[in-house]
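Residue-level listing of the chains:
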Amino acid sequence: MKSILIIFILLIFSLNAISQKGEIRGRVTDGNNGEPIGFANVVVYGTQIGSTSDLDGNFIISGLNPGYLKIRVSFIGYKNFISEDILVSNNNIPNIEVKLLSEAQELATFEVRVDPFEKREEAPISMQRIGTKEIESNPGSNRDISRVIQSFPGVGSTPAFRNDVIIRGGGPSENRFFLDDVEIPVLNHFSTQGASGGPVGIINADFISSVDFYSGSFPANKYNALSGVLDFKLKDGSKVKTNIQAALGASETSLTFDGPLGKKSTYIFSVRRSYLQFLFSAIGLPFLPTFNDYQFKINSNINTKNQITIISLGALDNLTLNNGIKNPTESQQYILTQIPINNQWNYTFGIVYKHFFKNGYHTFVLSRNMLDNQFFKYPDNNESLNKSFDYLSKEEENKFQYNITFRKNDIKYLIGANMEFAQYYNSTSQQLYLNDSLINLKYLTSFDMVKYGISAQASKRVLQNKLLISAGIRTDANSYNIEMTKLLSQLSPRISFSYSLAENTLLNAGVGRYFQQPAYTTLGFRNNSGLLTNHETAKYIGANHYSIGLEHRFSTNIILSAESFYKDYFQYPIDLFTGTSLANQGADYSGIAGATSADFHGQGKAVGIEVLNRINYKTFTLLASYTFVRSQFTDINKKWIASSWDSKNLISITGTKEFIKNWRLGFKWRYVGGLPYTPYDLQTSAKIVAWAARGQAYQDYSQLNALRFKAFHQLDLRVDKNIFFDKWALMVYVDIQNAYNFQNVNQDYIIREKNADGTYMTANNGTEYVLKSVENVSGTVLPTLGIMVKF
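Undergrad: I'm lost on the overall build of the chain in this one. Help?
TA: Within the chain one finds eight helices and 50 strands. Computed over the C-alpha atoms, the radius of gyration of the chain is 27 Å, within 12% of the 28 Å expected from 2.2 N^0.38 for a compact globule of 791 residues. Counted over contacts in the chain with a minimum sequence separation of 6, partners at least 24 positions apart contribute 66%. Only carbon and sulfur atoms are counted for the fraction: they give 58% of the accessible area of the chain, which is about 32,000 Å². The averaged location of the 68 negative side-chain charges in the chain is 4 Å from the averaged location of its 76 positive side-chain charges.

Undergrad: I tried to follow a nonpolar patch on the surface on my own but got confused; where do I start?
TA: Residues I469, I495, F497, V511, Y546, Y566 and V607 make up a contiguous nonpolar surface patch of about 540 Å² in total accessible area. By the secondary structure assignment, Y566 is in strand β34 (residues 558-575).

Undergrad: So what exactly am I meant to see when it comes to the pattern of salt bridges here?
TA: Any two side chains of opposite charge can pair, so long as their charged atoms come close to each other. Taken as a whole, this structure holds 36 salt bridges when the rule is applied. Residue R143 pairs with D206 through a salt bridge whose shortest N-O separation is 2.3 Å. With R143 in the loop between α2 (132-137) and α3 (145-148) and D206 in the loop between β17 (200-201) and β18 (208-214), the pair connects residues that are 63 residues apart, well separated along the chain. What makes R143 buried here is its relative accessible area of 11%. Residue class for D206 comes out buried when judged on its relative accessible area of 7%.

Undergrad: For this particular structure, what's the right way to read helix α5 (residues 330-338)?
TA: An α-helical turn contains 3.6 residues, so any two residues separated by three or four positions project in the same direction. Of the positions making up α5, those classed as buried are Q332, Q333, Y334, I335, L336 and T337. Its buried side turned inward, α5 meets β23 (287-303), β24 (306-321), β26 (360-377), α8 (688-694) and β45 (749-752).

Undergrad: Explain unusual backbone geometry here, please?
TA: Among all residues save glycine, negative phi is the norm, and among peptide bonds the norm is trans. In this structure, D436 takes a positive phi of about 65 degrees despite not being glycine. Structurally, D436 is set in the loop between β28 (411-434) and β29 (437-462). According to the relative accessible area criterion, D436 is exposed, its value standing at 56%. One non-glycine residue, N705, lies in the positive phi region at around 50 degrees.

Undergrad: Explanation requested: the side chain of E420 in the structure shown.
TA: Residue placement: E420 occurs in strand β28. Only 3.3 Å separates the side chain of E420 from the side chain of Y223, close enough to count as a polar contact.

Undergrad: In this structure, what is going on with the confidence of the model for the chain? I would like to understand it.
TA: Do not read the predicted coordinates in detail wherever pLDDT is low. This prediction gives the chain a mean pLDDT of 90; 95% of its residues lie at or above 70. In this model, residues 105-116 is a region of pLDDT below 50 whose contacts with residues beyond four sequence positions or in other chains number 39 contacts.

Undergrad: It is not clear to me how the sheet that holds strand β1 (residues 22-30) should be interpreted in this structure. Could you clarify?
TA: The strands making up a sheet associate through hydrogen bonds between their backbones, and the pairing can be parallel or antiparallel. The sheet built from three strands is open, its strands ordered β4-β1-β9 with mixed pairing. Strands at the two margins of the open sheet, each flanked by one partner only, are β4 (58-64) and β9 (95-100). When the angles between neighbouring strand axes are averaged without regard to direction, this sheet yields 25 degrees.

Undergrad: Can you walk me through the nonpolar core in this structure?
TA: For soluble globular proteins, the rule of thumb is that nonpolar side chains tend to be buried together. I130, I145, I203 and F232 are the most contacted members of the largest nonpolar core, which totals 32 residues. Among all residues touching I145, those that are not within four sequence positions of it are I130, I135, V211, L230 and F232.

Undergrad: Explain the sheet that holds strand β15 (residues 182-183) to me, please; I cannot follow it from the model alone.
TA: Across the sheet, five strands lie side by side as β11-β18-β19-β14-β15; this open sheet has mixed pairing. Of all strands in the sheet, those with a lone pairing partner are β11 (127-131) and β15, marking the two edges. Summarising the sheet, strand β14 (residues 175-179) and strand β19 (residues 228-234) pair through five bridges and their orientation is parallel. Across the sheet, the residue bridging to F177 is L230, located in β19.

Undergrad: How do you make sense of the packing of aromatic side chains when you look at a structure like this?
TA: Two numbers describe a pair of aromatic rings. These are the distance of the centres and the angle of the planes. Following the criterion strictly, the structure yields 31 aromatic pairs and no others. Here the aromatic residues Y424, F447, Y480 and Y520 are joined through ring pairs into a cluster of three or more. Positioned above the aromatic ring of Y733, the side-chain terminus of R718 is 3.9 Å from the ring centre. Across the ring face of Y760, the terminal group of R752 is positioned such that the distance to the ring centre comes to 3.8 Å.

Undergrad: Could you clarify how one ought to interpret the pairing of strand β31 (residues 492-502) in this entry?
TA: Remember that side chains alternate between the two faces of the sheet whenever the strand is regular. Of the strand pairs in this sheet, strand β30 (residues 467-478) and β31 are connected by eight bridges, and their pairing is antiparallel. Across the sheet, I473 pairs through a bridge with P493, a residue of β31. Judged from the eight bridges that link them, β31 and strand β32 (residues 505-516) form a sheet pairing that is antiparallel. Counted as the bridge partner of I495 is V511 from β32.

Undergrad: Explain the side chain of K222 here, please?
TA: Turning to its location among the elements, K222 is positioned in the loop between β18 and β19. K222 gets classed as buried once you look at its relative accessible area, which sits at 7%. If sequence neighbours within four positions are ignored, K222 has contacts with F178, D181, V229, D231, R474 and R494.

Undergrad: What exactly am I supposed to notice about the environment of S173 here?
TA: One can find S173 in the loop between β13 (166-167) and β14. Each C-alpha atom of the pair S173 and G197 lies 8.2 Å from the other, and the pair is 24 residues apart in sequence. Beyond its immediate chain neighbours, meaning those up to four positions away, S173 contacts G194, A195, Q516 and Y572.

Undergrad: Whenever I open this one, the pairing of strand β39 (residues 663-672) confuses me. Can you help?
TA: With burial as the criterion, only one face of β39 is covered, namely that bearing R664, G666, K668, R670 and V672; the residues W663, L665, F667, W669 and Y671 on the opposite face remain uncovered. Bridge count for strand β38 (residues 648-659) against β39 is ten bridges, and the pairing is antiparallel. The residue of β39 that forms the bridge with F659 is W663. Taking the residues that link successive antiparallel strands as the turn, the β38-β39 hairpin has three residues, and the phi of K661 there is positive, at about 60 degrees. By the bridge criterion, ten bridges tie β39 to strand β42 (residues 712-724) in an arrangement that is antiparallel.

Undergrad: I tried to follow the environment of V777 on my own but got confused; where do I start?
TA: Along the chain, V777 turns up in strand β49 (residues 777-778). Of the residues examined, V777 reaches a relative accessible area of 34% and is grouped as partly exposed. Along the sequence, V777 and N744 sit 33 residues apart, while their C-alpha atoms lie 5.6 Å from each other.

Undergrad: Explain helix α4 (residues 276-283) here, please?
TA: All of the buried residues in α4 are L276, Q277 and F280. Down the axis of α4, the sector holding all buried residues measures 95 degrees, keeping them to one side. Away from its buried face by more than 90 degrees, α4 exposes F278 and A282. Against the buried residues of α4 lie β22 (265-274) and β23. Looking at the residues trailing α4, positive phi occurs at G284, about 85 degrees.

Thresholds applied
- Residues numbered from 1 in each chain as written.
- Predicted model: local features only at pLDDT ≥ 70, side-chain atom pairs only at ≥ 80, totals over all residues.
- Heavy atoms only, no water.
- Helix = DSSP H or I, 4+ residues; strand = E, 2+ residues; numbered from the N terminus.
- Rg over C-alpha atoms; globule rule 2.2 N^0.38 Å.
- Contact = heavy atoms within 4.5 Å.
- Areas by Shrake-Rupley, 256 points an atom, 1.4 Å probe, with all protein chains shown as cover.
- Lys, Arg positive; Asp, Glu negative; His and termini not counted.
- Charge placed at Lys NZ, Arg CZ, Asp CG, Glu CD.
- Patch = residues over 30% accessible without salt bridge, like charges linked within 9 Å, V, L, I, M, F, W, Y side chains within 5 Å.
- Salt bridge = Lys/Arg side-chain N within 4 Å of Asp/Glu carboxyl O.
- Buried < 20%, exposed > 50% of the residue type's maximum accessible area, 1.4 Å probe, protein only.
- Polar contact = N/O pair within 3.5 Å; in protein donor to acceptor, adjacent residues only side chain to side chain.
- pLDDT = per-residue confidence, 0-100.
- Pairing = 2+ DSSP bridges.
- Axes fitted to C-alpha atoms, helices over the stretch in contact; angles between N-to-C directions.
- Core = buried A, V, L, I, M, F, W, Y, C linked by side-chain atoms within 4.5 Å.
- Phe/Tyr/Trp six-rings, centres within 6.5 Å; stacked < 30°, edge-to-face > 60°.
- Lys NZ or Arg CZ within 6 Å of the ring centre and 35° of its normal.
- Arc of directions from axis to C-beta.

Here it is, written out as structure tokens:
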């Protein structure tokens, strides 16, 4: 099989084809009011090939060689525009929407660019733009945005093969995600409820045009986040013809369609299904995951003043156990004993309506999202026994958001309001071993709540355009309890600025206060008496952000920046069962974070410095970043303890080089400082009644994060080859993760010793198991072949 695979790869990579020329179509409009701009000059960047827009703003550029390119658009009275990378082929005609800004709105010496270095007026600091080419070619990421952002400063990761989004020492529950203005609460398959992590991303990279990644200084209309915001911009379907793409990736197969829906509308639609369950079963892994997802976008330009976009995505995930393994190894025994069966599905559906007027536009967003999450576990997977864990939860949210964006007297205003109606349901039956006694926790929760917020932000250049100031304020509230109805308690001011010290050097700074609602799992927790234990005391979690940095552009293609940050958390919930901050939860495979009684007086702090160098040439890119970060949170005794994300040092170097005949080579090297971990409480774990409740060892929370793993580092390599034929295109890549086979030492597995007859050894008159430590080392060279065919 290896020989066949190698021969296949060599045959594919040896192919070259001469294809027909490609073309680009698009439309040029005024970025403020949506009016079409006729007679704009549109050229391929760096060439003389181009065209002009017609009276309706439409343009066509033909006779283009297949591959990635950029376009440059100019018109008298407007700033020049340079697009991000666009993939052109003979069979796929991209449709580009170009929004020009008038000269008066920008520095006369600057050129408006949609490139990796661009900053929004509302966030001149702590923001990066990620283009489609970076997502498609990032080594080791397999086109998964949650892994792509690990190349950027401030973003941590774990060696657990998960997509937890860990930003500037904050936990994976502290981030929010928006898809063309529609909030999506779930970013990953098998998502950890109450957090953001999971093993595989839910968003199909075929849809992504660009991502605005905020690690601070969030715009006032982005809410309910403490550490990060990912704002996705999606592609539109082709206006010319129907395109089909079939793909085989690292873990799934996919099929994507896009094309016109009449004269004014386009669509793009995809479905994906994993094949991991077959692969895992064949190689004897103890768990069998299956995921499915869909995604679509319909965009309709009703006329020059009105636009409607419909977006939806959803997933169906199932995780079962591979109980058919004969003579399982000790590590397989551990996984089979502790991992529960998981059935999860979710969806988001949203409608976005935009109405343009003379100096701006209104945006109306109506959306609904739902998560259904089920876990259950039998002791030792023996279905004749009562379940030790039986969990079913549902989260439903119906949302309305309104924003108005306009300019007046050279000031950009962004004013908005939002309202949500949420429903939460939870049925939990769980065995807990606490304080040397077994507790059968069983409760049913069902409640409704209304959430609402208002925001405003203004941005303006002063001092002869050398200083950009952006100031905003928002406040949020909900009906869960009296404390959280108080709008003034969640008042969230923010201000940021960017000052031009020299022609290519900027001093950037920002300060702000941000709030986030506690997870539904925390708000909905009940005790055996049926009381909502957090109802009287729950508060919004808060964080004050401070950041300052320098940025220097050596040229239009090279930037170097350094930025320091400090985050001061308050009102962070502390788990009353373990005495530890909930900030430490959310990055394991338990599937649930925050389901506990809590104290809302916890504090936290994260401090660090980031250095970033980005080089972006046509055929060569480099992204090198270093982050020093310390992250601590208080426990129930107000003692400061290193958090589970206190990695200290983060290094990432990612580069790609393009060669002739559409070859591309890339690499990514990551270094993550050793993360803290908590030792086991072997005395409690050995008790038979305690083991039966949990199916695995207990941690000793009196020594929370007292130990630290060794540093983790990994090299990923990737080779891409694009082959363009007359009527179709073939894109092939080979991705090799962990190329030098780094072996990561994790916390040992704890299993029960067995007698010769297969029964478990006991001690102390049959009240305790005899436990055994099993070395837990992970790491293997993981090659992946990806194939995409476009018709």
